[in-house]
Amino acid sequence: MNKVPEAVRKELAKLAAKSESEIDLSDLPATSAKDWRGAQRGQFYRPVKQQLTVRIDADVLAWLRGQGKGYQSRLNEILRDAMLSKSRNR
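Here the structure is a predicted model, which means the values were calculated and not measured.

Calculation criteria
- In every chain, residue numbers begin from 1 and rise along the written sequence.
- Under the rules for a predicted model, residues below a pLDDT of 70 receive no local features and side-chain atom pairs below 80 are neither given nor counted, while totals for whole chains, interfaces and linings still include all residues.
- Note: side-chain values were computed over all heavy atoms of the structure, leaving out hydrogens and water.
- Here a helix means four or more residues in a row that DSSP labels H or I, a strand means two or more in a row labelled E, and each is numbered from the N terminus.
- Summary of the burial criterion: residues with accessible area below 20% of their type's maximum are buried, those above 50% are exposed, and those between are partly exposed, where the area comes from a 1.4 Å probe applied to protein chains only.
- Only the protein chains shown count as cover for residues, with accessible areas throughout obtained via the Shrake-Rupley method and a probe of 1.4 Å.
- Two residue types count as positive, namely Lys and Arg, and two as negative, namely Asp and Glu; His and chain ends fall outside the count.
- Taken as the charge location is NZ of Lys, CZ of Arg, CG of Asp or CD of Glu.
- Salt bridges are counted wherever a side-chain nitrogen of Lys or Arg sits within 4 Å of a carboxyl oxygen of Asp or Glu.
- Note on contacts: a residue pair qualifies if any of its non-hydrogen atoms lie within 4.5 Å across the two residues.
- Axis definition: a line fit to C-alpha positions, over the contact stretch in the case of helices; interaxial angles, taken between N-to-C directions, run 0 to 180 degrees.
- For this classification, under 35 degrees means roughly parallel, over 145 means roughly antiparallel, 65 to 115 means roughly perpendicular, and everything else is oblique.
- Each crossing gets its handedness from the near helix: less than a right angle anticlockwise from the far helix is left-handed, clockwise is right-handed.
- Throughout this entry, Asp, Glu, Lys and Arg are counted as charged residues, while Ala, Val, Leu, Ile, Met, Phe, Trp, Tyr, Cys and Pro are counted as nonpolar. The remaining residues, Gly among them, count as polar.
- pLDDT is defined as a per-residue confidence score from the predictor, taking values between 0 and 100.

## Quick word on the overall build of the chain
1) Next: If you tally the helices and strands in the chain, you get 4 helices and 0 strands.
2) Next: For the chain, the α and β elements follow one another from N to C terminus as α-α-α-α.
3) Next: Structurally, the chain occupies a C-alpha span of about 55 × 40 × 25 Å along its principal axes.
4) Next: By residue count, 2% of the 90 residues in the chain fall in the buried class.
5) Next: Of the roughly 9,400 Å² of accessible surface on the chain, a fraction of 55% belongs to carbon and sulfur atoms.
6) Next: Placing the 18 positive and 11 negative side-chain charges of the chain at their respective mean positions leaves the two points 8 Å apart.

What follows is the structure, given as structure tokens:
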């Protein structure tokens, strides 16, 4: 894992502490809905995968596998949706 230099970490902390109104955006052009038409959120986001062993009820596993190839990806998607839903509700 890459270590972030102390000077960079301090600068990032200083920026993170600022409120939105304190940030100078004068060098950024304004955008409109037209500029974002066709944009896709998370298109290049690739989370790090971690291999592990889990125990899943046989009927749940059969249901996942019964939907065809890619049951592990479906399981991950179901868990991600639950995670995001839970974090939105907090």
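## Quick look at the side chain of R74
1) Next: In this structure, R74 sits in helix α4 (residues 71-88).
2) Next: Despite being buried, R74 has no salt bridge partner; E77 is the closest side chain of opposite charge, sitting 7.6 Å away.
3) Next: Excluding its chain neighbours within four sequence positions, the residues that come into contact with R74 are L64, Q67, G68 and K69.

## Details of the packing of helix α3 (residues 58-66) against α4
1) Next: Viewed as axis vectors pointing N to C, α3 and α4 meet at an angle of 115 degrees, and their least axial separation amounts to 8 Å. As judged from the angle between their axes, α3 and α4 are roughly perpendicular. Seen from above, α3 lies across α4 with right-handed handedness. The segment α3 lies against α4, with L61, W63, L64 and R65 engaging Y71, R74, L75 and I78.
2) Next: A class-by-class count of the residues in the contact of α3 with α4 yields 6 nonpolar, no polar and 2 charged.

## A look at the confidence of the model for the chain
1) Next: Across the chain, the average pLDDT comes to 90, with 98% of residues at or above 70.
2) Next: When mean pLDDT is compared element by element in the chain, α3 scores highest at 96, while helix α1 (residues 6-17) scores lowest at 91.

## So, the environment of M83
1) Next: As for its position among the elements, M83 is in helix α4.
2) Next: Placed 50 residues apart in sequence, M83 and A33 show a C-alpha to C-alpha distance of 29 Å.

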